[in-house]
Amino acid sequence: MEEFKKWVPSEKVRWVLYGLGILFVALLIFHAGVVTGSHRHFPGRAGPGFGFRGPGFNVQLPRGFISNGHGSVGTIQSISTSSLSLETRDGATQTVLLSDKTSIRTESGATSSTALLVGQQVIILGTPNDDGTISADLIRTTPSPIRNSIRQ
Amino acid sequence: MTSKRNMAFFTEVEPPEGLFKAVLARIALARRRAARIKLAALGTVILVSGAALVPAVSYAVQEFYTSGFYDYLSLFFSDSSVAFSHWQEISLSLAESLPSLAVLLLVGFAAAFLWSLRRAVRNAGAAFNPIRLA
């Protein structure tokens, strides 16, 4: 207890507080930038907000992340030769465009689009398009219970 | 004229015995009371921010998972050659998937908790020390 009483008012804690303060301000600026940028360049794509609902009020705070910018993570819902449909973790549906340049990889290495299965969890990296789709450069499968149950 | 009258008052009238000590005691009492009010306010901040830290951590963990931040980061460990060859897209994805609101809440509550704890510990001495007269 005595150690704690000495530690709390110490210089170390003061510097930790300064660090937290600087981090807080930096995050505030970053969050404001993300919210402003996502509204300007990805209208309606910033994902659902973090909301407070009650009688007569509904406040939605932007979460501060874009789930379908230069990448996306989710579960494959359907696959065609040129695209695949992905259900992201926030429940949205994302269309991913495939091309000859798209690199597809599993845990064991490079593979082709035939290795992709419905229900598989994937990480997409690519370029966002104006229509909300992503042109995939890399599709990387990740281990998930959903995929394993479908394989069985 | 007024100061002369005051001087006469102070030289002629003898203050009651123990007045000096009573004044000091009253000042010390007022200071202790102010310190206790401050401590109560800081205690409330400690309780609220401490209680809010638990759901804030839980919310941050959930948001990091939902945004896919962990997954983009995990590429550096699971498939580092690919991660480094696509470093620009991964960097952008990491920046885009950072759940800044969740981290903001977490850092804010942690800072409020630590700041109020520090102030409370520094203030506790003044709030509970017995009043001593010189």
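Model, not experiment: these values are computed from the prediction.

## Concerning the UniProt feature "transmembrane region" (unreviewed entry) in chain B
All names here are of chain B.
1) Next: The feature "transmembrane region" (unreviewed entry), as annotated in UniProt, sits at residues 39-61 and 98-117 in this numbering.
2) Next: A helix fraction of 100% and a strand fraction of 0% characterise residues 39-61, whose end C-alpha atoms lie 33 Å from each other.
3) Next: Secondary structure over residues 98-117 splits into 90% helix and 0% strand, and the C-alpha atoms at its two ends are 29 Å apart.

## Some remarks on the environment of A:I134
1) Next: Checked against the element boundaries, A:I134 lands in strand 9 (residues 134-142).
2) Next: Its 22 C-beta neighbours within 10 Å are what place A:I134 among the buried residues.

## A few points about the interface of chain A and chain B
1) Next: With 37 residues of chain A in contact, the opposing surface of chain B contributes 33 residues.
2) Next: For the side of chain A that touches chain B, the secondary structure elements donating two or more residues are helix 2 (11-41), strand 3 (71-79), strand 8 (121-128) and strand 9 of chain A.
3) Next: The dominant element in the side of chain A that touches chain B, judged by the number of residues it contributes, is helix 2 of chain A, at 12 residues.
4) Next: The class makeup of the residues in the side of chain A that touches chain B is 21 nonpolar, 9 polar and 7 charged.

## A short note on the UniProt feature "domain: DUF5666" (unreviewed entry) in chain A
1) Next: The positions that UniProt labels "domain: DUF5666" (unreviewed entry) are, in the present scheme, residues 74-139 of chain A.
2) Next: With 0% helix and 58% strand, the stretch residues 74-139 of chain A has end C-alpha atoms that lie 11 Å from each other.

## Some points on the UniProt feature "transmembrane region" (unreviewed entry) in chain A
1) Next: The positions UniProt marks with the feature "transmembrane region" (unreviewed entry) are residues 15-35 of chain A.
2) Next: Secondary structure within residues 15-35 of chain A divides into 100% helix and 0% strand; the distance between the first and last C-alpha atoms comes to 30 Å.

## Structural notes on the pairing of strand 6 (residues 103-106) of chain A
Residue and element names in this part refer to chain A.
1) Next: Relative to strand 9, strand 6 is paired through 3 bridges, and the arrangement is parallel. The residue of strand 9 that forms the bridge with I104 is I139.
2) Next: Relative to strand 7 (residues 109-111), strand 6 runs antiparallel, the two sharing 3 bridges. Following the sheet pairing, R105 is matched in strand 7 by A110.
3) Next: What sits between the antiparallel neighbours strand 6 and strand 7 is a turn of 2 residues.

## Thoughts on the nonpolar core
1) Next: The biggest cluster of nonpolar side chains holds 34 residues, and the ones touching the most others in it are A:I123, A:I124, B:V103, B:L105 and B:L106.
2) Next: The element best represented in this core is helix 6 (residues 100-128) of chain B, accounting for 11 residues.
3) Next: Look past the residues within four positions of B:L105 in its chain and what remains in contact with it is B:A56 and B:Y59.

## Description of helix 6 of chain B
1) Next: Between its first and last C-alpha atoms helix 6 of chain B spans 41 Å; for 29 residues at 1.5 Å apiece the expected length is 42 Å, and the two agree.
2) Next: For helix 6 of chain B, the principal kink sits at B:R122 and spans about 35 degrees.

## Some thoughts on the pairing of strand 5 (residues 93-97) of chain A
Residue and element names in this part refer to chain A.
1) Next: Burial along strand 5 is one-sided: Q94 and V96 are buried, while T93, T95 and L97, pointing the other way, are not.
2) Next: Where strand 4 (residues 83-88) lies against strand 5, 5 bridges are found, and the strand directions are antiparallel. Looking across to strand 5, one finds that S83 is bridged to L97.
3) Next: Hairpin connection, strand 4 to strand 5: the antiparallel pair is bridged by 4 residues, and G91 has positive phi, about 90 degrees.
4) Next: Where strand 5 lies against strand 9, 2 bridges are found, and the strand directions are parallel. By the bridge assignment, V96 is partnered in strand 9 with I134.

Calculation criteria
Each chain has its residues counted from 1, running along the sequence as written. Chain A is the first chain written and ligand 1 is the first ligand written, with later ones labelled in order. Thresholds applied to this predicted model are a pLDDT of at least 70 for local features of residues and 80 or more for the giving and counting of side-chain atom pairs; totals over whole chains, interfaces and linings are not thresholded and use all residues. UniProt positions are given in the numbering used here, feature names are shortened, and annotations may be inferred rather than shown by experiment. Only DSSP runs of H or I with at least four residues qualify as helices, and only runs of E with at least two residues qualify as strands; both kinds are numbered from the N terminus onward. Put plainly, a residue is buried at 20 or more neighbouring C-beta atoms within 10 Å of its own, exposed at 12 or fewer, and partly exposed in between, counting only other residues' C-beta atoms, which are placed from the backbone. This entry defines residue contacts through backbone-placed C-beta atoms, with two residues in contact when those atoms are within 7 Å. By the convention adopted, Pro, Cys, Tyr, Trp, Phe, Met, Ile, Leu, Val and Ala count as nonpolar, Lys, Arg, Asp and Glu as charged, and the other residues, Gly among them, as polar. Strands are treated as partners if at least two bridges between them are detected by DSSP. We call a set of buried Ala, Val, Leu, Ile, Met, Phe, Trp, Tyr and Cys residues a nonpolar core when their C-beta atoms link them within 7 Å. What a helix is expected to span follows from its residue count: subtract one and scale by 1.5 Å. What the bend at a residue measures is the angle between two axes, fitted to the seven residues ending there and to the seven starting there.

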